[in-house]
Amino acid sequence: MATAEQQFTILEREITIQLTLLSRTINSNTIEQNKTEFDKAEKQFKQLLQITQNEKNKTQFQGRLRPIEREFESLKQQLTNKPQKNSDLDVKSLDQRTKLLMGVERLEETSNRIQNTNQLALETEQIGVSALGELYQQREQILRVKSDINEVETTMDKSKRVLSSMARQACKNRLVLLCVIVMLLTAIALVLWLKFFRGGTDPIPPPPP
């Protein structure tokens, strides 16, 4: 819903344009045409006054209403065949006011476009910051995973060295055990040999006295 300021601006622009056209064509139009156009502008001016009456802060509209009221008085005198000396100046003032209003409207449009562009830039910047934050978190996760992998590789290398050492120690133990078994077997064989082969021969009896 349009605010009172917006409604006032729209009606002010329309009334200014109508008064400008009426000032330019007042001599070429018929009396009825001039009266119709004047009544139409006056009706819109009453709507403009009604908007200001409904607002608490009326002072902000008073300065903008006075030039329009002067233009109405000038046109009313021209329509009643009582032209003012400064009618040409009033027409020029209306032309300037129309151009000024059009310039203000263009400035407002440009300002709105700039605001929209700034809003879009801010949204784009926020999206970029969010994306950078997500990328940073992913980078941290990747670095943690890489660190975990390095730790696992280090643990596996240690495990391999321990297993290799245990395997070598097992081989040494097997060799020692094999040597002990060989030595025991050799000792047993020597004992058996001494018992059965050397122990079976009778000793030479000593000579009688």
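In what follows, the accompanying structure is described. Per chain, residues are indexed from 1 in the order of the written sequence. Given that this is a predicted model, residues contribute local features only at a pLDDT of at least 70 and side-chain atom pairs are listed and counted only at 80 or more, while totals for whole chains, interfaces and linings are drawn from all residues. Excluded from the side-chain calculations are hydrogens and water; all other atoms, namely the structure's heavy atoms, are used.

**Brief notes about the layout of surface pockets**
Rolled over the atoms, a probe sized like a water molecule indicates the empty space that remains.
Argument step 1. Here a cavity is any set of points on a 1 Å grid over the protein atoms alone where a 1.4 Å probe fits but cannot get out, and a pocket is any open set with protein on both sides within 12 Å along at least 5 of 7 lines; a residue lines the site when it has an atom within 4 Å of a point. Grid points are joined across faces, edges and corners, and a volume is the space filled by probe spheres set on the points. Volume-wise, the largest pocket comes out at about 320 Å³.
Argument step 2. Contributing to the lining of the largest pocket are 13 residues, with Gln 6, Thr 9, Arg 13, Glu 105 and Glu 108 lying nearest its centre.
Argument step 3. Secondary structure is summarised from DSSP: a helix means a run of H or I of at least four residues, a strand means a run of E of at least two, and numbering begins at the N terminus for each. Every element with two or more residues in the lining of the largest pocket is listed here: helix 1 (4-25) and helix 4 (87-198).
Argument step 4. When the residues that make up the lining of the largest pocket are grouped by side-chain class, the tally is 3 nonpolar, 3 polar and 7 charged. As a working rule, the residues Ala, Val, Leu, Ile, Met, Phe, Trp, Tyr, Cys and Pro are called nonpolar, Asp, Glu, Lys and Arg charged, and the rest polar, with Gly in that last group.

**Some details on helix 1**
Argument step 1. Taking 1.5 Å of rise per residue, 22 residues should cover 32 Å, and helix 1 covers 31 Å from first to last C-alpha, within 8% of that figure.
Argument step 2. The rule is simple: take the accessible area with a 1.4 Å probe, protein chains only, and divide by the maximum for that residue type; under 20% is buried, over 50% is exposed, in between is partly exposed. Along helix 1, the residues classified as buried are Ala 4, Phe 8, Thr 9, Leu 11, Glu 12, Ile 15, Thr 16, Gln 18, Leu 19, Thr 20, Leu 22 and Ser 23. To estimate how far a helix should extend, the number of its residues minus one is multiplied by 1.5 Å.

**Some details on the nonpolar core**
Argument step 1. Residues Ile 15, Leu 19, Phe 45, Leu 48, Ile 68 and Phe 72 are the most contacted members of the largest nonpolar core, which totals 15 residues.
Argument step 2. Looking at this core, the elements that each hand over two or more residues are helix 1, helix 2 (31-53) and helix 3 (59-79).
Argument step 3. Among the elements that make up this core, the one with the highest residue count is helix 1 (6 residues).
Argument step 4. Contacts are residue-level and defined by heavy atoms, with any inter-residue pair within 4.5 Å sufficient. In this structure, Phe 45 is in contact with Ile 15, Leu 65, Ile 68, Glu 69 and Phe 72, ignoring residues within four places of it in sequence. In these notes, a set of buried Ala, Val, Leu, Ile, Met, Phe, Trp, Tyr and Cys residues joined through side-chain atoms within 4.5 Å is what counts as a nonpolar core.

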